[in-house]
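Descriptive analysis of the structure
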Amino acid sequence: MILKYVYGTPIETDAVVKEVDGAEKNIPFFNVEKTEETVTFSYQMEEDDIVYGLGENVRGINKRGFLYVSNCSDDPCHREDTNSLYGAHNFILVDGKELFGVFVDFPEKVTFDIGYTKRTEMDITVNDVNFVIYVITGEDEKDIVKQFRQMIGQSYIAPKWALGYGQSRWSYMNEGEIREVVKNYRDNQIPLDMVYLDIDYMERYKDFTVNKEAFPDLEALAKEMKEQGIRLVPIIDAGVKIEEGYDIYEEGLEKGYFCKKEDGTEFVAGVWPGKVHFPDMLNDEARNWFGKKYKVLLDKGIEGFWNDMNEPAIFYSEDRLKKAFEELAKLQGENLDIYKFFHMKDLVLELANNKEDYASFYHEYKGQRIRHDKVHNLYGYYMTRAAGEAFDELEPDKRILMFSRASYIGMHRYGGIWTGDNMSWWSHLLLNIRMMPALNMCGFLYTGADLGGFGAHVTEDLMLRWLEFGIFTPLMRNHSALGTRRQEAYQFEDKKVFANIIGIRYGILPYIYSEYMKSSIRDEMMFRPLAFDYREDSFAKRVEDQLLVGDSIMIAPVYEQNAKGRYVYLPEKMKMVKMKSLTERTYEILEKGHHYIDVDLDEVIFFIRPDKLIPLSKGGQFVEEVDFEDLELLSFVETEATYELYTDDGFTKEYDKPEHFKHLISK
Ligand code: GLC
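Residues numbered from 1 in each chain as written. Predicted model: local features only at pLDDT ≥ 70, side-chain atom pairs only at ≥ 80, totals over all residues. Heavy atoms only, no water.

**Concerning the nonpolar core**
If you look at the biggest cluster of nonpolar residues, it comprises 214 residues, and the most contacted ones within it are F91, L401 and F606. In terms of residue count, the dominant contributor to this core is helix 11 (residues 426–441) (nine residues). For this core, the two domains that each supply at least three residues are domain 1 (2–152) and domain 3 (511–666). Ignoring sequence-local partners within four residues, the contact set of F606 consists of F472, I553, M554, I555, K575, M576, V577, M579, I614 and L634. Core analysis: the next-biggest nonpolar cluster, separate from the first, contains 19 residues, M554, A556, Y569 and L570 among them. (Core = buried A, V, L, I, M, F, W, Y, C linked by side-chain atoms within 4.5 Å. Buried < 20%, exposed > 50% of the residue type's maximum accessible area, 1.4 Å probe, protein only. Helix = DSSP H or I, 4+ residues; strand = E, 2+ residues; numbered from the N terminus. Domains from an automatic or database assignment. Contact = heavy atoms within 4.5 Å.)

**Regarding the sheet that holds strand 2 (residues 31–34)**
Here five strands make up an open sheet; going across it, the order is 2-3-10-9-5 and the pairing antiparallel. A strand with exactly one partner marks an edge of an open sheet, and here the two such strands are strand 2 and strand 5 (66–70). Each neighbouring strand pair of the sheet contributes to a mean axis angle of 15°, computed without reference to strand direction. With six bridges joining them, strand 3 (residues 39–44) and strand 10 (residues 121–126) adopt antiparallel strand pairing. (Pairing = 2+ DSSP bridges. Axes fitted to C-alpha atoms, helices over the stretch in contact; angles between N-to-C directions.)

**Details of the pattern of salt bridges**
Tallying each qualifying case throughout the model produces 66 salt bridges. We note a salt bridge from E640 to K667, for which the minimum N-O separation is 3.6 Å. Placement of the pair is E640 in the loop between strand 37 (632–636) and strand 38 (641–646) and K667 in the segment after strand 39 (661–666), with a sequence separation of 27 residues. What makes E640 partly exposed here is its relative accessible area of 32%. (Salt bridge = Lys/Arg side-chain N within 4 Å of Asp/Glu carboxyl O.)

**A few points about the site of the ligand**
With respect to spatial proximity, 13 residues lie near the ligand, and among them D198, D308, R405, D421 and H479 are the closest. D308 is positioned with one of its side-chain polar atoms (N or O) 3.1 Å from an oxygen atom of the ligand. H479 is positioned with one of its side-chain polar atoms (N or O) 2.9 Å from an oxygen atom of the ligand. Here the residues of the shell around the ligand are counted per class, giving eight nonpolar, one polar and four charged. (Near = heavy atom within 4 Å. Polar contact = N/O pair within 3.5 Å; in protein donor to acceptor, adjacent residues only side chain to side chain. Nonpolar A, V, L, I, M, F, W, Y, C, P; charged D, E, K, R; others polar.)

**Observations concerning the sheet that holds strand 25 (residues 447–448)**
Spatially, nine strands are ordered 25-24-22-18-14-13-12-27-26 in an open sheet, and the strand pairing comes out parallel. The open sheet has two free edges, formed respectively by strand 25 and strand 26 (450–451), since each of these has just one partner strand.

**Let's talk about a negative patch on the surface**
A cluster of like negative charges, contributed by E244, D247, E250 and E254, occupies part of the molecular surface. Mapped onto the elements of the fold, E244 is located in the loop between strand 15 (240–241) and helix 4 (247–255). (Patch = residues over 30% accessible without salt bridge, like charges linked within 9 Å, V, L, I, M, F, W, Y side chains within 5 Å. Areas by Shrake-Rupley, 256 points an atom, 1.4 Å probe, with all protein chains shown as cover. Lys, Arg positive; Asp, Glu negative; His and termini not counted. Charge placed at Lys NZ, Arg CZ, Asp CG, Glu CD.)

**Description of the pairing of strand 18 (residues 304–308)**
With five of five residues buried, strand 18 lies mostly within the body of the structure. Burial along strand 18 is two-sided: G304, W306 and D308 facing one way and F305 and N307 facing the other are all buried. The pairing of strand 14 (residues 231–237) with strand 18 spans three bridges and is parallel. Across the sheet, residue I235 finds its bridge partner in strand 18, namely W306. In this sheet, strand 22 (residues 401–404) lies alongside strand 18 in parallel orientation, the contact comprising four bridges. From the neighbouring strand, F305 faces strand 22, where its bridge partner is M402.

**Digging into the domain arrangement of the protein chain**
Interface size is commonly expressed as the accessible area that is lost once the parts come together. By domain assignment, the protein chain separates into domain 1 (2–152), domain 2 (316–351) and domain 3 (511–666). If you average the C-alpha positions of domain 2 and of domain 3, the two centres end up 55 Å apart.

**Description of the layout of surface pockets**
Space inside the largest pocket adds up to approximately 570 Å³. Taken together, 19 residues line the largest pocket, and the ones lying closest to its centre are N71, K109, N353, K355 and Y358. Its residues placed into classes, the lining of the largest pocket shows four nonpolar, eight polar and seven charged. Around the second largest pocket, the lining is made up of 19 residues, and of these K142, E524, M525, R528 and D551 lie nearest the centre. When contributions to the lining of the second largest pocket are tallied by element, the ones reaching two or more residues are helix 1 (141–152) and helix 14 (509–521). (1 Å grid on protein atoms, 1.4 Å probe; cavity = no way out; pocket = protein on both sides within 12 Å on 5 of 7 lines; lining within 4 Å. Points joined across faces, edges and corners; volume = space filled by probe spheres on them.)

**A look at helix 5 (residues 284–292)**
Within helix 5, the full set of buried residues consists of A286, R287, W289, F290 and G291. The secondary structure elements touched by the buried residues of helix 5 are strand 14, strand 15, helix 4 and helix 10 (379–394). Structurally, the start of helix 5 carries an N-cap: the backbone nitrogen of E285 is 2.9 Å from a side-chain oxygen of N283.

**Topic: the packing of helix 12 (residues 460–470) against helix 13 (residues 495–507)**
For the pair helix 12 and helix 13, interaxial distance at closest approach is 9 Å and the crossing angle is 15°. Comparing their axes, helix 13 and helix 12 come out roughly parallel. Both helix 12 and helix 13 take part in a crossing whose hand is left-handed. When helix 12 is examined against helix 13, the residues E460, M463, L464, L467, E468 and G470 are found in contact with a partner set consisting of V497, F498, I501, I502 and R505. Its residues assigned to classes, the contact of helix 12 with helix 13 comprises seven nonpolar, one polar and three charged. (Parallel < 35°, antiparallel > 145°, perpendicular 65-115°, else oblique. Left-handed = near helix turned anticlockwise from the far one by under 90°.)

**Considerations on empty space enclosed by the protein**
Considering all chains together, one arrives at four cavities of 30 Å³ or more under this definition. In this structure, the largest cavity encloses a volume near 100 Å³. For the lining of the largest cavity, the elements supplying multiple residues, two or more each, are helix 12 and strand 35 (604–608). A per-class count over the lining of the largest cavity returns nine nonpolar, no polar and three charged. Estimates place the volume of the second largest cavity at around 60 Å³. Per-element accounting of the lining of the second largest cavity gives the leading share, four residues, to helix 11. Per-class residue counts for the lining of the second largest cavity are four nonpolar, five polar and no charged.

**A closer look at helix 1**
Each α-helix turn comprises 3.6 residues. Residues three or four places apart therefore point the same way. For helix 1, with 12 residues, the first-to-last C-alpha span of 17 Å sits near the 16 Å given by 1.5 Å per residue. Regarding helix 1, the residues found buried are E141, I144, V145, Q147, F148, R149, M151 and I152. N-cap assignment for helix 1: the residue whose side-chain oxygen lies 3.2 Å from the backbone N of K142 is D140. Trailing helix 1 by a residue or two, G153 shows a phi angle of about 95°, which is positive. (Expected span 1.5 Å × (residues − 1).)

**As for a nonpolar patch on the surface**
On the surface, L336, I338, Y339, F341 and F342 cluster together to form a nonpolar patch covering roughly 520 Å² of accessible area. As for its position among the elements, L336 is in the loop between helix 7 (318–331) and helix 8 (338–349). For L336, a relative accessible area of 32% gives the class partly exposed.

**Considering the side chain of T82**
Along the chain, T82 turns up in the loop between strand 5 and strand 6 (87–88). For T82, a relative accessible area of 9% corresponds to the buried category. In this structure the side chain of T82 is engaged in a polar contact, spanning 2.8 Å, whose partner is the backbone nitrogen of R79. The residues touching T82, leaving out its near neighbours within four places in the chain, are V58, F66 and D75.

**Digging into the environment of E224**
Looking at the element boundaries, E224 is found in helix 3 (residues 218–227). When the C-alpha atoms of E224 and R179 are compared, they prove to be 9.6 Å apart, with 45 residues separating the residues in sequence. Engagement of the side chain of E224 in a polar contact is seen with the side chain of R179, the distance being 2.7 Å.

Have a look at this one:
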């Protein structure tokens, strides 16, 4: 059951698509405290209550013990104590004495103090008195999530080829580098489907332009790549460069499509290209205009994009920078004591993503003029919506790959997300594992992290262990930052091992694709905490580093350096599969309980549940080479193992046709 509570006169976010009537009774479970500016919902937690959810956030599967703030933030160096990441995903699920879900539909800041201030108290504070809050009750965890997901609408579905492996780097500077990457992959027989174009493919970081010197004929390059089974996937940034003669800038200016300040002049921020304006993605007309610009690249044979810097990230605003320089000039020649020194430092450090800047420009949203900070968390969502709506018009019958950095619930209907700039840290591999179920709860199914880590220098063992987990995530992309150690799979000593591990992804692709498609079509979670399926098992509730992936398997990734294996908890008897490559496999039936499992660095393990099976293909160098007909069934048969395989052409949009679902049986 879904109970809806409307406070004041909320701003519509378009997160929810299903009509829900306002509830008559008072909100259950919570104590509500109102001030003139905020509303706080307090819940007394029992010692064993678990709180799941919050999508993209730091820490565990169980979110207890910390304070999370929904406020889309560009934080490339996030750590354990970071309160806000790139997305704002206000859904939680309380599981214990009571069982219920909560969704706070509010586009500004929401604070989830989950036993941070007081260990057993949860306080959800909304930074306003106008918002909608939903309370969802149901039979079990999966039922509550499903009701929530039905309410927010079906998740975006990526083309099948986008479930292949992708290589990215900030940046491959010219077409020669792209060819070299592809050649290295193909020569070493390491499968690959996508090469990503980061900001340097553009002409001076201008959206929808191509640097003609570095990429003289992008259309021809895209064609040449496609002949080898590779798609090029360019980045699009939120800010539009201010430059005379640049058509998008001039058109946007003339039509009044950029965000303006109080005085009616365009807000000027600094991002990669230097000074930019932000298109008013919340304004229907401006959004439609921006979305249609993707056509420039679609026309060159491009079939996928990633939307970036759309929190929006601000390096500086023109106004703040001016003031900072004035202040700095005053400090010149001064004896900088403790206060003056830190003041000087702060002048520079506080330039980026400054709260006051977010409160200094406006949107024209649904007939109202709204200050940006009041709808901050919608910007990335609406940028991606711009693209999604345009794709539906421009390419009605074709799936276009789209994923974004910033997001809000609702955006999951228009694209996936990657989890932003992480680090080549073991702790970020663990974070990636733990985040997956929470992201799925919030509707983000086409999702994954920068494998190997974006910032910092990766090591070969971290890269391998991360790939060994990444082969299960729908978005499987290796991406790294400028200046870091190269981390393409062929850069390491034992290229064969990389070919084998990535090859396993192509072997299990019929499973990964089927599970991904079924979860999207049915509003379910592909990645689940153990406790969701083993409800009566009190130990399953404690497990923070194993996941159920789809219907048939449990995974237990290794995420520690120099570990030769790990402890694994089996909530029931399962068949362990160890794979060094698609063909080198061993099996062992393990009893319910605790086990120490050896896991070599060059090996993938997973566990098949009783009477379940996983369809295995012969693999391929790219997705279109994978034969979904010629399958081997890896099964753990107690009486009879069954499986529902999903097969379609992988690029058209008739997802729900009965002929796409095939029943496989293994006796
Ligand atoms: C941002 C993105 C990152 C990208 C970089 C350059 O940091 O998150 O993925 O490589 O910008 O475009």
